[in-house]
Amino acid sequence: YYCVASILRYAPWVRKIFIVTDSQNPHVDEFVARNFPDNKIPIELIDHTVLFRGYEQYLPTFNSLAISTMLWRIPGLSDSFLYFNDDMFPMKECKPTDFFRDGKGVIRVSYHLLALDMFKQICRNSTRAAREALGLRPTFYFMRPQHICSPMFKSECEELYAKVKTEIATILAEDSEVDQNLTFTKADLARSLKQILGKNWPKYRYLFPLLKDYWED
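Fair warning: this is a prediction, and the values are worked out from it, not measured in the lab.

So, how was this worked out
- Residues numbered from 1 in each chain as written.
- Predicted model: local features only at pLDDT ≥ 70, side-chain atom pairs only at ≥ 80, totals over all residues.
- Heavy atoms only, no water.
- Helix = DSSP H or I, 4+ residues; strand = E, 2+ residues; numbered from the N terminus.
- Buried < 20%, exposed > 50% of the residue type's maximum accessible area, 1.4 Å probe, protein only.
- Contact = heavy atoms within 4.5 Å.
- Areas by Shrake-Rupley, 256 points an atom, 1.4 Å probe, with all protein chains shown as cover.
- Arc of directions from axis to C-beta.
- pLDDT = per-residue confidence, 0-100.
- Phe/Tyr/Trp six-rings, centres within 6.5 Å; stacked < 30°, edge-to-face > 60°.
- Patch = residues over 30% accessible without salt bridge, like charges linked within 9 Å, V, L, I, M, F, W, Y side chains within 5 Å.
- Salt bridge = Lys/Arg side-chain N within 4 Å of Asp/Glu carboxyl O.
- Pairing = 2+ DSSP bridges.

### Quick word on the overall build of the chain
- Along the chain, the regular secondary structure elements total nine helices and eight strands.
- The buried share of the chain, reckoned over its 217 residues, is 47%.
- Sequence separation of 24 or more characterises 74% of the internal contacts of the chain that already satisfy a separation of 6 or more.
- Carbon together with sulfur atoms contributes 53% to the accessible area of the chain, which is approximately 12,000 Å² in total.

So this is what it looks like as structure tokens:
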């Protein structure tokens, strides 16, 4: 409820909220009607079977990476959308330009040398897979997206999915997160979208901790 409430209060410009569930109804409509009686933002529940249509053999799944990889398949989703985990929520008023600027998504990442936990191992795997897809040599560092709301582009997720479909199949086959997994819908592969998709400019702006922000080129 806190995630939905914070969006309604601090990001009233959001067009629609989709809540992904596994055959569950959190009755968020009752909560919203009670606490936000003037709310104009529609809220729709999306079941896992909708995301995994055509891939039902991978259900049920408890792998959040598999689920996030398929978010772009939500019917009616805007090309530019925000991906929230249920433990992410705005704490003060925010604007669309906090997430999207000049048609590009604003993301926050950091570079690391050591993968000392499962998430960093997943990020390292993703960096390696991205460079292999580009025909680039391995590097000793990897990129870790910050655990915050992620601006995404449906069209680029779809294109990227087609480019690395085999690798993504390994994610879908795991019913829970393991350190061999990859994550493709966050900043780690977004950095390479320009080369993977053959675009002149990526759709992401990077903000590195302790460093000034700049345009990737």
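### Description of helix H7 (residues 165-172)
- If you check which residues of H7 are buried, you get Ile168, Ile171 and Leu172. Viewed end-on, H7 has its buried residues packed into an arc of 95°, placing them on one side of the element.
- Summarising the contacts, the buried residues of H7 are in contact with helix H4 (64-69) and helix H6 (154-163).

### Observations concerning the confidence of the model for the chain
- On average, residues of the chain score 77 in pLDDT, and 78% of them reach the 70 mark or higher.
- Per-element mean pLDDT across the chain ranges from 42 in helix H9 (residues 193-197) up to 96 in strand E2 (residues 43-47).
- Note on residues 177-181: pLDDT is under 50 here. Beyond four places in sequence and across chains, it has 19 contacts.
- Contacts from residues 184-217, a stretch scored under 50 in pLDDT, to residues over four places away or in other chains number 100 contacts.

### Observations concerning the packing of aromatic side chains
- The full count for this structure, using the stated rule, is five aromatic pairs.
- Measuring from ring centre to ring centre gives 6.0 Å for Trp13 and Phe99, while their planes differ by 45°; the resulting arrangement is tilted. Taken together, the residues span a long stretch of sequence, with Trp13 in the loop between helix H1 (2-10) and strand E1 (17-21) and Phe99 in the loop between strand E3 (80-83) and strand E4 (100-101) at a distance of 86 residues.
- On the accessibility criterion, Trp13 (32% relative accessible area) is partly exposed.
- Given the relative accessible area of 12%, Phe99 is considered buried.
- Ring geometry for Phe100 versus Phe153: centroids 5.5 Å apart, planes at 80°, classification edge-to-face. Taken together, the residues Phe100 in strand E4 and Phe153 in strand E7 (residues 150-153) connect sequence positions 53 residues apart.

### Digging into a nonpolar patch on the surface
- Taken together, the side chains of Leu113, Leu114, Leu116 and Phe140 make up a nonpolar region of the molecular surface, amounting to roughly 520 Å² of accessible area.
- Within the element layout of this structure, Leu114 appears in the loop between strand E5 (104-112) and helix H5 (118-134).
- Assessed through its relative accessible area of 56%, Leu114 is described here as exposed.

### Side note on the pairing of E5
- The buried fraction of E5 amounts to seven of the nine residues, a majority that puts the element mostly inside the structure.
- Counting the residues in the hairpin turn of E4 and E5 gives two residues, including Asp102, whose phi is positive at 55°.
- Sheet topology places E5 next to strand E6 (residues 142-145); four bridges connect them, and they run antiparallel. Directly across from Ser110, in E6, lies its bridge partner Arg144.

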